Each structure stands twice: as structure tokens, then as C-alpha cells.
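# Breakdown of the fold
Below are the chains, spelled out letter by letter.
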Amino acid sequence: LDGTRESWALPIEPHLGGLEPDWNWCGDESAARREATDRLVANHKNIVMFAARGAGRKGSPPVMAALSDPNAKPNEDVTNAVD
């Protein structure tokens, strides 16, 4: 991934030569912050429960990365602290 096999070179051209879009469509940085805040507030309850999975019970079937276990059960006793 260091470019030694000439798969890429600096400076990287905009749009990667038409292969990928630029990030200009996002608007300015403050607009991105407002959108992120809006999405966090709108999905507040689900985000708190997701974060509380780290203190919860393991799911079944078990997975290698415990904190990213999609089947983990959140610990509802810690939701106030997480919130």
C-alpha cells in the first residue's frame, strides 16, 4: 500500500480519475457536524442501547470481537451512565 508497485502516485487526482466521487457533495464542515448531531439525536435510544452492549452479555453464536458482537444483549443497568 505504499505505491511502490505503481498502483497509485501522489498527488492523487480528484475523483480518482472518475472511479470514485469526491467529498465535495457533503458541503462544509459545519454542515456535516449539524447533520451528525441531528442523526445522533434522532436515533438516541438505539445508540445508547448499542453502546451498552459492551457491558452486556455475549450473544450466541459467539464471535471473536466481543465489543462488535451483533447478537450481544445490552446491559440496561448502565444505560443512564452511557447516556
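Structure's up top.
Residues numbered from 1 in each chain as written. Predicted model: local features only at pLDDT ≥ 70, side-chain atom pairs only at ≥ 80, totals over all residues. Heavy atoms only, no water.

## Digging into the overall build of the protein chain
Each helix and strand in the protein chain was counted, giving three helices and zero strands. Mapped in sequence order, the helices and strands of the protein chain form the string α-α-α. Here the protein chain, with 83 residues, has 10% of them falling under the buried criterion. With the model as given, the accessible surface of the protein chain reaches about 7,500 Å², and the carbon-plus-sulfur share is 56%. (Helix = DSSP H or I, 4+ residues; strand = E, 2+ residues; numbered from the N terminus. Buried < 20%, exposed > 50% of the residue type's maximum accessible area, 1.4 Å probe, protein only. Areas by Shrake-Rupley, 256 points an atom, 1.4 Å probe, with all protein chains shown as cover.)

## Topic: the side chain of Asp-69
Its location among the elements puts Asp-69 in the loop between helix H2 (44-51) and helix H3 (79-82). Buried Asp-69, no salt bridge; nearest opposite-charge side chain is Arg-53, N-O distance 5.7 Å. There is a polar contact of 2.8 Å between the side chain of Asp-69 and the backbone nitrogen of Asn-71. (Lys, Arg positive; Asp, Glu negative; His and termini not counted. Salt bridge = Lys/Arg side-chain N within 4 Å of Asp/Glu carboxyl O. Polar contact = N/O pair within 3.5 Å; in protein donor to acceptor, adjacent residues only side chain to side chain.)

## Notes on unusual backbone geometry
For the bond from Ser-60 to Pro-61, the omega torsion is 5°, close enough to zero to count as cis. By the element assignment, Pro-61 lies in the loop between H2 and H3.

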